[in-house]
Amino acid sequence: MARSLIFLNSVVLLLFGSDLFLVRANRPPAPVNVSVIHLRADSATVSWDVPEGDIIIGFSISQQRQDGQMQRLIREVNTTSRACALWDLEEETDYIIQVQSIGLYGESQPSSRVHFRTLKKSDRFPSNSSNQDDPTVQGLDKSRHLQTGEMIIIVVVLIMWAAVIALFCRQYDIIKDNDSSNSKEKAKPSSERSTPEHHSGGLLRSKFHQSVPSINIIDV
């Protein structure tokens, strides 16, 4: 009996250990190239890369102040984004962040710690010239170009529609003028036909007056 219990415990431990090993083996690798861009007084953007060949369904970001007084966990699934905006930050404050990838079988190990410090509210936003090689910045530039191209296409389409409407209104005015001129031309013969009737009436009246007998009185 004791041997059977020991054997059963060994089997359970072996199965549990194998499942744990498989889960750990299927976990995605930790994100790489974690960096902070678009740094301001109250916000910042975190970007990272994920090694190819792994299925990633989300991310988890651990954010905390360097003095340890405040911690925040940002978790998002069903996304392929490789960047996240951090809001409600305090100015001139040191922060530490770590990023984890979320896969089908769990989360990866945390990435290396990244330290950054927010700016003053009076400070200007630094230029992105130093981050031109950053793939996230390049992606943002591409999206800006796409938005500009879409706006140009919309403006061109609106101008074309305006031209079509103006042409239609012009053609409608021309057709309307032609219809009015045709109606006037049709009205002229009727007025001309009424004129002889008026004259003929006058002639009849003159004949009528001429046919009235005249009486001459001769005094003897």
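For clarity, every value in this text was computed on a predicted model and none was experimentally measured.

S.K.: Tell me about the overall build of the chain, and please be specific about residues and values.
M.R.: A count of helical and extended segments in the chain gives two helices and eight strands. When the helices and strands of the chain are placed in sequence order, the string is α-β-β-β-β-β-β-β-β-α. In the chain, which comprises 220 residues, the proportion classed as buried is 20%. In the structure as shown, the chain presents an accessible area of about 17100 Å², 59% of it carried by carbon and sulfur atoms.

S.K.: Could you give an account of the pattern of salt bridges, naming the residues involved and the relevant values?
M.R.: The tally for this structure, following the rule as stated, stands at five salt bridges. Residues D67 and R65 are paired through a salt bridge, measuring 2.8 Å at the closest nitrogen-oxygen approach. A salt bridge links R75 to E107; the shortest N-O distance between them is 2.0 Å. Placement of R75 in strand β4 (residues 71-77) and of E107 in strand β7 (residues 106-107) is noted, with a sequence separation of 32 residues between them. Through salt bridges with shared partners, a single network forms among R65, D67 and E90.

S.K.: So what about the side chain of T79? Which residues, and what values?
M.R.: Relative to the helices and strands, T79 resides in the loop between β4 and β5 (83-86). In this structure T79 comes out as buried when scored by relative accessible area, which is 15%. Looking at T79, its side chain comes within polar contact range of the main-chain nitrogen of S81, at 3.1 Å.

S.K.: Explain the sheet that holds β5 to me, and be specific about the residues and the numbers.
M.R.: Think of a sheet as strands paired side by side through backbone hydrogen bonds, with each pair either parallel or antiparallel. What the three strands build is an open sheet, ordered β1-β2-β5; its pairing is antiparallel. The sheet is open, and its two borders are formed by β1 (32-37) and β5, each paired with just one other strand. On average, adjacent strands in this sheet sit at an angle of 20° to one another, irrespective of strand direction. As defined by bridge partners, β1 adjoins strand β2 (residues 44-49) across four bridges and the pair is classed as antiparallel.

S.K.: Give a description of a negative patch on the surface that names residues and reports values.
M.R.: Together, D42, D88, E91 and D123 make up a negatively charged patch on the protein surface. By the element assignment, D42 lies in the loop between β1 and β2.

S.K.: I'd like to hear about the confidence of the model for the chain, residue by residue, with values.
M.R.: Of all residues in the chain, 61% attain a pLDDT of 70 or more, and the chain-wide mean is 75. Note on residues 197-211: pLDDT is under 50 here. Beyond four places in sequence and across chains, it has two contacts.

S.K.: Describe the nonpolar core, listing the residues and the values that go with them.
M.R.: Counting 17 residues, the largest nonpolar core has V34, V46, W48, I97 and F116 as its most contacted members. Counting only elements with at least two residues in this core, the list comes to β2, β3 (58-65), β5, β6 (94-103) and β8 (114-117). Beyond its immediate chain neighbours, meaning those up to four positions away, I97 contacts V34, V36, V46, S62, Q63, L86, S112, R113, V114 and F116.

S.K.: Break down the side chain of T93 for me, citing the residues and quoting the values.
M.R.: Checked against the element boundaries, T93 lands in the loop between β5 and β6. From its side chain, T93 meets the backbone oxygen of E91 in a polar contact 3.0 Å long. With sequence-adjacent residues up to four places away left out, T93 is seen in contact with R65, F116, R117 and T118.

S.K.: Account for the pairing of β6, naming residues and giving values.
M.R.: Within β6, eight of the 10 residues are buried, leaving the element largely enclosed by the surrounding structure. Across eight bridges, β3 lies against β6 in antiparallel orientation. If you follow Q63 over to β6, its bridge partner there is I97. Relative to β8, β6 runs antiparallel, the two sharing four bridges. Bridge assignment links I96 to a residue of β8, and that residue is H115. By the bridge criterion, two bridges tie β6 to β7 in an arrangement that is antiparallel. Note that in β7 the partner of G103 across the bridge is G106.

Rules and cut-offs
- Residues numbered from 1 in each chain as written.
- Predicted model: local features only at pLDDT ≥ 70, side-chain atom pairs only at ≥ 80, totals over all residues.
- Heavy atoms only, no water.
- Helix = DSSP H or I, 4+ residues; strand = E, 2+ residues; numbered from the N terminus.
- Buried < 20%, exposed > 50% of the residue type's maximum accessible area, 1.4 Å probe, protein only.
- Areas by Shrake-Rupley, 256 points an atom, 1.4 Å probe, with all protein chains shown as cover.
- Salt bridge = Lys/Arg side-chain N within 4 Å of Asp/Glu carboxyl O.
- Polar contact = N/O pair within 3.5 Å; in protein donor to acceptor, adjacent residues only side chain to side chain.
- Pairing = 2+ DSSP bridges.
- Axes fitted to C-alpha atoms, helices over the stretch in contact; angles between N-to-C directions.
- Patch = residues over 30% accessible without salt bridge, like charges linked within 9 Å, V, L, I, M, F, W, Y side chains within 5 Å.
- Lys, Arg positive; Asp, Glu negative; His and termini not counted.
- Charge placed at Lys NZ, Arg CZ, Asp CG, Glu CD.
- pLDDT = per-residue confidence, 0-100.
- Contact = heavy atoms within 4.5 Å.
- Core = buried A, V, L, I, M, F, W, Y, C linked by side-chain atoms within 4.5 Å.

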